[in-house]
Amino acid sequence: MARVAFYAPMKPPTHPVPSGDREMARNLMAAIGARGTPVDLVSELRVHDSKGDATRQADLARLATAETQRLTQTLAGSDTTLWVTYHSYYKSPDLIGPAVCAALNLPYVQIESTRARSRLTGPWADFAAAAETAADAANVVFYLTSLDLITLERDQRAGQQLIHLRPFLPQSTLPFAADCTTGPMISVGMMRERDKLASYRIIAETLSHLRGDWRLDIVGDGPARPQVQALMAPFGDRVRFLGLLDRTALAAAYANASLFFWPGVNEAYGMVYLEAQAAGLPVVAQDRTGVCEVVLTGTKPPAEAGALALAESLDHLLANPDERQRQGTKARELIARNHLSDAATQTFWSAVIPLPECSA
């Protein structure tokens, strides 16, 4: 039986720390394998340099060379007919897949890759060059957002296919629908410094402008939890911390909520928006690149309008349960049509099956 080799240089799906990147890698493996084709995680080598450290990049390159040699020998003569790499970019390039595929004459596919030729000079120059080389080697590149498409299309090599793979949930059916007419607002986000904490700061400022009665449940945990709790302390028991929930408990929290609120500072797209809308919740978020592509219905004031605009959107929805239910129902319909795993599986194999040496 044909097999698929899968690799995620940014963060392997087996990594112990939860993140959207890890979740997406797991979801992709499941979606690709949904028709019965085995998908093998062929390497757990994490090639990632967040600081532009030349010594670290050289060390990782040596490890990748050894891994390339191992996999070239391991996969030679095997049933592997396709290589898929998820999330190669200038801080985390695929240093393995293109060389293995060239040696074994395998089709090479990338998912959610980005190009950044502006990084070909500076502290990531070698990694950026490797990411460009890997992108050039791909027969097919699946992009998830229109922002990624801009540079992929600009630097596309002749004969390469660029295919839109919509962000998707790892399920083929919708969860139980939220009632939306009662219950608290809900926010879901890891508690980390920088972008996630920036979203929590916006939430706290927004809450200070709300009128009338409201409650907010927050799902998530992480090293910045003390800062998040300090931000929410002025609101007393109107804000409840639910911690890090498993998939079943999170589905129950969505079903108990009336709307979903997450500003989305620098989110690539945000799986939580899809989860909330699958449950039939209306969304309030800022109109940011990436976020706007997965908030299918709801309210998206411009980021520059600040917390006051978010508060006005929330006040309107909190006062209008019928509008919440209308928006949530529409979003749920769109999720069912375009953002479940069956759609992702169809999109992937429709583009990949025609490649030489590849079959489902």
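Note that the structure is predicted; figures quoted are calculated from it, not measured. (Residues numbered from 1 in each chain as written. Predicted model: local features only at pLDDT ≥ 70, side-chain atom pairs only at ≥ 80, totals over all residues. Heavy atoms only, no water.)

**Student:** Honestly, the packing of aromatic side chains in this entry has me stumped. Any pointers?
**Tutor:** Under the criterion given, the structure shown has nine aromatic pairs. Their ring planes at 80° and their centres at 5.6 Å tell us that Y89 and Y90 sit as a pair that is edge-to-face. Residues Y89 and Y90 agree in their burial class; the two are buried. For the pair Y200 and W262, a centre-to-centre distance of 5.0 Å together with 80° between the ring planes defines the contact as edge-to-face. (Phe/Tyr/Trp six-rings, centres within 6.5 Å; stacked < 30°, edge-to-face > 60°. Buried < 20%, exposed > 50% of the residue type's maximum accessible area, 1.4 Å probe, protein only.)

**Student:** Would you mind going over the nonpolar core with me for this structure?
**Tutor:** Nonpolar side chains tend to gather and get buried jointly when the protein is soluble and globular. Counting 79 residues, the largest nonpolar core has F6, I111, L207, M232, Y254, F260 and F348 as the members making the most contacts within it. Sequence-distant contacts of F260, that is, excluding residues within four places in its chain, are made with I186, S187, V188, Y254, V272, Y273, A276, L281, P282, V283 and V284. If you look at the next biggest cluster of nonpolar residues, it comprises 23 residues, including L75, W83, A138 and L149. (Core = buried A, V, L, I, M, F, W, Y, C linked by side-chain atoms within 4.5 Å. Contact = heavy atoms within 4.5 Å.)

**Student:** Even after reading the chapter, I still don't get the packing of helix 11 (residues 306–318) against helix 12 (residues 321–338), so can you show me in this structure?
**Tutor:** For any two helices packed against each other, one specifies the inter-axial angle together with the distance between the axes. For the pair helix 11 and helix 12, the least separation of the axes is 6 Å and the interaxial angle reads 100°. The angle between the axes of helix 11 and helix 12 places the two elements in the roughly perpendicular class. Residue-level inspection shows H316, L317 and L318 of helix 11 in contact with helix 12, the latter providing P321, E323, R324 and Q327. Grouping the amino acids of the contact of helix 11 with helix 12 by side-chain chemistry returns three nonpolar, two polar and two charged. (Axes fitted to C-alpha atoms, helices over the stretch in contact; angles between N-to-C directions. Helix = DSSP H or I, 4+ residues; strand = E, 2+ residues; numbered from the N terminus. Parallel < 35°, antiparallel > 145°, perpendicular 65-115°, else oblique. Nonpolar A, V, L, I, M, F, W, Y, C, P; charged D, E, K, R; others polar.)

**Student:** Which parts of the structure should I look at to understand the sheet that holds strand 7 (residues 185–188)?
**Tutor:** The strands that make up a sheet pair up through hydrogen bonds in the backbone, lying either parallel or antiparallel. Taken in spatial order, the five strands of this open sheet run 9-8-7-10-11, and their pairing is parallel. Edge positions in the sheet fall to strand 9 (239–243) and strand 11 (283–284), since each has one partner strand and no second. Of the strands in this sheet, strand 7, strand 8 (216–219), strand 9 and strand 10 (259–261) are in contact with helix 8 (residues 247–255), which crosses strand 7 at around 145°. (Pairing = 2+ DSSP bridges.)

**Student:** Whenever I open this one, the environment of H15 confuses me. Can you help?
**Tutor:** Among the secondary structure elements, H15 is positioned in the loop between strand 1 (3–7) and helix 1 (20–32). With 151 residues separating them in the primary sequence, H15 and R166 have C-alpha atoms 24 Å apart. Engagement of the side chain of H15 in a polar contact is seen with the backbone nitrogen of V17, the distance being 3.1 Å. (Polar contact = N/O pair within 3.5 Å; in protein donor to acceptor, adjacent residues only side chain to side chain.)

**Student:** Any chance you could explain helix 1 here in plain terms?
**Tutor:** With 13 residues, helix 1 should reach 18 Å at 1.5 Å per residue; the first-to-last C-alpha distance of 18 Å fits that figure. For helix 1, the buried fraction is high: 10 of the 13 residues fall into the buried class. Every buried residue of helix 1 is listed here: D21, R22, E23, M24, A25, N27, L28, M29, A31 and I32. (Expected span 1.5 Å × (residues − 1).)

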